[in-house]
Each structure stands twice: as C-alpha cells, then as structure tokens.
Amino acid sequence: MNALIKLLDKKLEYIKHEITDDTIKIWVESNKLEVVCTYCNTPTSKVHSRYERSFQDLPLQGKKVVIIINNRKMFCNNPNCNHKTFAETYDFLSSKGKKSKRLEEEIINISMNVSSITASNILSRHVAKVGKSTICNLLKKRNENNK
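The structure contained in this document is the topic of the report that follows. Keep in mind it's a predicted model, so treat the numbers as computed, not measured.

1. Brief notes about the packing of aromatic side chains
Evaluation of the coordinates by the stated rule reveals two aromatic pairs. Measuring from ring centre to ring centre gives 5.6 Å for phenylalanine 55 and phenylalanine 92, while their planes differ by 45°; the resulting arrangement is tilted. Note that phenylalanine 55 is positioned in strand 5 (residues 47–60) and phenylalanine 92 in the loop between strand 7 (85–87) and helix 2 (101–111), a separation of 37 residues in sequence. Comparing phenylalanine 55 with phenylalanine 92, the two get one shared label, buried.

And the structure:
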C-alpha cells in the first residue's frame, strides 16, 4: 500500500487503511522535514498542530478511494510574514480541494461527451461521489483556464 501512496507523492507515508462496502479509506501523513510557508516561501520545521484532511482519489480495484491526510499546521519563522501559521500543501491537491487533481482530470474526461447528469451517475457508481454541480464547476474552471 505504501508503494501506491508514493505514486501520489514521494513524501507521503502510509499509516493504515480500511475497506467498507464500496470504499477504501487510506490514512497517510507527510514525512517532509521542512515545509515552505505558502505566503512568504520561508522554510520551517516547527509544527503548530495537526488535523485530518480528506479527499477523494481515483478508484482502486473497483472501489472508491478516500485518502485522509494527518495534515500539519506549521509556524512561519519569518517575522516579516503577515501570517504566523499556515497549513501544509501538496502538489496533487488544490488548496481547499476535496478531490485529487488526477481525479478531477478523470471527471472532466468522462464529462466531455455526456451530460453532467449522466456523467454524475456514471462517476458516482464507478469512480467517486460526484454531483452534477461539481462537474459543471470543473468544466467551467477548465474553460476559463484555456482562454
């Protein structure tokens, strides 16, 4: 399982997993020694606190996947930074994202040739819980980025 998690990010470590019905929940945490402040780019290793952050990822063996990160909130070491704390971020996940970027791409690929309602039904059965409005928002965001 750790090898699968490393495909998402080499700095993630597998903790445990649980399979219930049609979903696999996987708990992970970062093993980065230093994290860069998202506001001023100053590196720090000083942890403020931890919290769980979950998101959906691509399915595995026909089961939906939810990944739960034991995410760190960090102190910024830069006295000139306007923010004293910040949350650890990841390249595979947008700042407040509930779906991995690769899952978002799969949603867009499936949604390009069918209606958002049909895509929602297909995705919810086989890939991840996705509503019609989520599909429309992803397609809208993609169109704005392509302009």
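Still more ground to cover, so stick around.
2. Overview of the side chain of arginine 72
Mapped onto the elements of the fold, arginine 72 is located in strand 6 (residues 63–75). A distance of 3.4 Å separates polar atoms of two side chains, one belonging to arginine 72 and the other to serine 30. Separated by 3.1 Å, the side chain of arginine 72 and the backbone oxygen of lysine 32 make a polar contact. In contact with arginine 72, other than residues within four places in its own chain, are Ser30, Lys32, Val35, Val47, Ser49, Arg50, Phe86, Ala87 and Glu88.

3. Focus: the pattern of salt bridges
What the rule picks out here adds up to four salt bridges. A salt bridge links glutamate 13 to lysine 6; the nearest nitrogen and oxygen atoms lie 2.8 Å apart. A residue is classified by how much of its surface remains accessible, and glutamate 13, at 27% relative accessible area, is partly exposed. Its salt-bridge partner being arginine 102, residue aspartate 57 comes within 2.5 Å of it at the nearest N-O pair. Placement of aspartate 57 in strand 5 and of arginine 102 in helix 2 is noted, with a sequence separation of 45 residues between them.

4. A few points about helix 2
Among the residues making up helix 2, those that are buried are Leu103, Glu104, Ile107, Ile108 and Ser111. Along the axis of helix 2, the buried residues cluster in a sector spanning 140°; they form a single face. In this structure, the buried side of helix 2 is in contact with strand 5, helix 3 (116–126) and helix 4 (132–146).

Conventions used here
Residues numbered from 1 in each chain as written. Predicted model: local features only at pLDDT ≥ 70, side-chain atom pairs only at ≥ 80, totals over all residues. Heavy atoms only, no water. Phe/Tyr/Trp six-rings, centres within 6.5 Å; stacked < 30°, edge-to-face > 60°. Helix = DSSP H or I, 4+ residues; strand = E, 2+ residues; numbered from the N terminus. Buried < 20%, exposed > 50% of the residue type's maximum accessible area, 1.4 Å probe, protein only. Polar contact = N/O pair within 3.5 Å; in protein donor to acceptor, adjacent residues only side chain to side chain. Contact = heavy atoms within 4.5 Å. Salt bridge = Lys/Arg side-chain N within 4 Å of Asp/Glu carboxyl O. Arc of directions from axis to C-beta.

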